[in-house]
Amino acid sequence: MPRHAAARRYLMCRPQYFTVAYAINPWMNPAKPVDVPLAVAQWEDLRDRYRAFGHTVEELEPHPALPDMVFAANGATVVDGRVLGARFAHPEREAEAAAHAAWFRARGFGEPVEPLHVNEGEGDFAVTRNWLLAGRGFRTSPLAHAQAQEVLGRPVIGLDLVDPRYYHLDTALAVLDDRTDEIMYYPDAFSPGSRAVLRRLFPDALIAREQDAAVLGLNAVSDGARVFLPQAAQGLFGPLRERGFEPVGMDLGELLKGGGSVKCCTQELRG
C-alpha cells in the first residue's frame, strides 16, 4: 500500500555560529575543528529538501553565544498547539530555552508552559498516535514526564537510555508514522525493561543494527511517506523501502561533530 505524506511545519536554526567549544556528550571533541560554511551548506540542504517536498520551515534566529542552537529539536515540545518549554541539563545550553519561548510568544502560540524539571524537548519526547515516548537516563529527568503528560495530553511511556552515545531518545528511536504508531529503534540503547515495553507496544517496529545506530541513523524525521535520515545509515534504506517508505539520505557530517543530525536540527510544530 502506498504511503501518503502529511504536510508538516518545522522549526530550524541556521548553524551560523556552530562550533564545538565544550563536550557535553561523547560525540563532541573541542580539538576537532568545525567547517562552519560546510555545516551551513549541509543544514540548508536539509531545510531546502523539506520545502521541496511541500513542508513549511520556520527559522529561529541564531545567537553567537549559543553554538548548539542549531539543534532546534531540544528547545520545546509542541502537540496540538500546546507548547511545553525546555529546561536544559547543562548550563552551556540553558539560555536556548528562553530564545525558543520568545519565538513561540511572538508567533501566537501563547505562553509556553514553564518546565518544572529538566527536559530537553523533542530530544527526549517522541510523539506517536497514541503515546508520548519519553526518554530518561542522561538528560531529561523522569520527574518531567508527569508534567509532559499533563500539558501535552498524551499517555507517557518512560524509556530508560543506558548507552551514553545515545544520550537522547531521538538518537535511538524515530517515529516513522505518527498516524499508525510505526517506529524504528536500536534495542541496545535501552534497558532490558524498556526493550520489553517497546516490544509489547510496537511488535512490528523496524529494528536497527548497531552500525546504523552508530552513525545516528535513527536521528531521523518522517512525514509519513519519506524518511529523512543520515545517508551513512545505508542498512536502514532497504528495510524502510520494504515497508513502503522513501528514504532520503542527508549529509550532516559537520553537525555530527556536535552529536546531532537530522532530527536534532528539526523541531516539529504540531497543530
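Scoring rules and cut-offs
Residues numbered from 1 in each chain as written. Predicted model: local features only at pLDDT ≥ 70, side-chain atom pairs only at ≥ 80, totals over all residues. Heavy atoms only, no water. Helix = DSSP H or I, 4+ residues; strand = E, 2+ residues; numbered from the N terminus. Rg over C-alpha atoms; globule rule 2.2 N^0.38 Å. Buried < 20%, exposed > 50% of the residue type's maximum accessible area, 1.4 Å probe, protein only. Contact = heavy atoms within 4.5 Å. Areas by Shrake-Rupley, 256 points an atom, 1.4 Å probe, with all protein chains shown as cover. Pairing = 2+ DSSP bridges. Right-handed = clockwise from strand over helix to strand, strands pointing away. Arc of directions from axis to C-beta. Salt bridge = Lys/Arg side-chain N within 4 Å of Asp/Glu carboxyl O.

Student: I keep staring at the overall build of the chain and nothing clicks. Help me out?
Tutor: A count of helices and strands for the chain gives seven helices and 14 strands. By the compact-globule yardstick of 18 Å for 271 residues, the chain fits well, its C-alpha radius of gyration being 17 Å. The dimensions of the chain, computed from C-alpha atoms along their principal axes, are 45 × 40 × 35 Å. Buried residues in the chain amount to 56% of all 271 residues. Summarising the internal contacts of the chain: among those between residues at least 6 apart in sequence, 70% fall at separations of at least 24. Within the structure as shown, the chain displays about 10700 Å² of accessible surface, and the carbon and sulfur contribution to it stands at 52%.

Student: Explanation requested: the pairing of strand β12 (residues 226-230) in the structure shown.
Tutor: The side chains of a regular strand alternate between both faces of the sheet. In terms of burial, β12 is largely enclosed, as five of its five residues are buried. Judged from the two bridges that link them, strand β11 (residues 221-222) and β12 form a sheet pairing that is antiparallel. Bridge pairing links V221 to F228 in β12. Counting the residues in the hairpin turn of β11 and β12 gives three residues, including G224, whose phi is positive at 95°. As paired elements, β12 and strand β13 (residues 246-250) share five bridges and run parallel to each other. The residue bridging R226 from the neighbouring strand is E246, located in β13. Between the parallel pair β12 and β13, the chain is carried across by helix α6 (residues 237-242), and the sense of this crossover is right-handed.

Student: Is there a simple way to think about helix α2 (residues 96-106) in this case?
Tutor: What sets the pattern is the α-helix's 3.6 residues per turn: residues three or four places apart point alike. Every buried residue of α2 is listed here: E96, A97, H100, A101, W103 and F104. Projected down its long axis, α2 carries its buried residues within an arc of 155°, all on one side. When the buried face of α2 is taken as reference, the exposed residues oriented beyond 90 degrees from it are A98 and A106. Structurally, α2 contributes buried residues whose contacts are with β1 (9-13), β2 (56-60), β3 (76-79), β4 (82-85) and β14 (267-268).

Student: Sorry, what's going on with the pattern of salt bridges here?
Tutor: When their charged atoms lie close together, side chains carrying opposite charge are able to pair. Per the counting criterion, the structure on display carries 25 salt bridges. Across the pair R9 and E58 runs a salt bridge whose closest N-O atoms are separated by 3.2 Å. Here E58 lies in strand β2 and R9 lies in strand β1, a separation of 49 residues in the sequence. A salt bridge links D163 to R165; the shortest N-O distance between them is 2.8 Å. Given a relative accessible area of 15%, D163 falls into the buried group. The exposure class of R165 is partly exposed, given its relative accessible area of 31%. Put simply, R8, E122, D178, K263, E268 and R270 are held in one network by salt bridges that share partners.

Student: Please explain the pairing of β1 as it appears in this structure.
Tutor: The element β1 is largely enclosed, with a buried count of four among its five residues. Bridging between β1 and β2 involves five bridges; their strand directions are parallel. What sits directly across from C13, in β2, is L60. Regarding the hand of the β-α-β motif, the stretch spanning β1, helix α1 (residues 36-52) and β2 is right-handed.

From the geometry alone we can't say anything about function, so treat these as descriptive.
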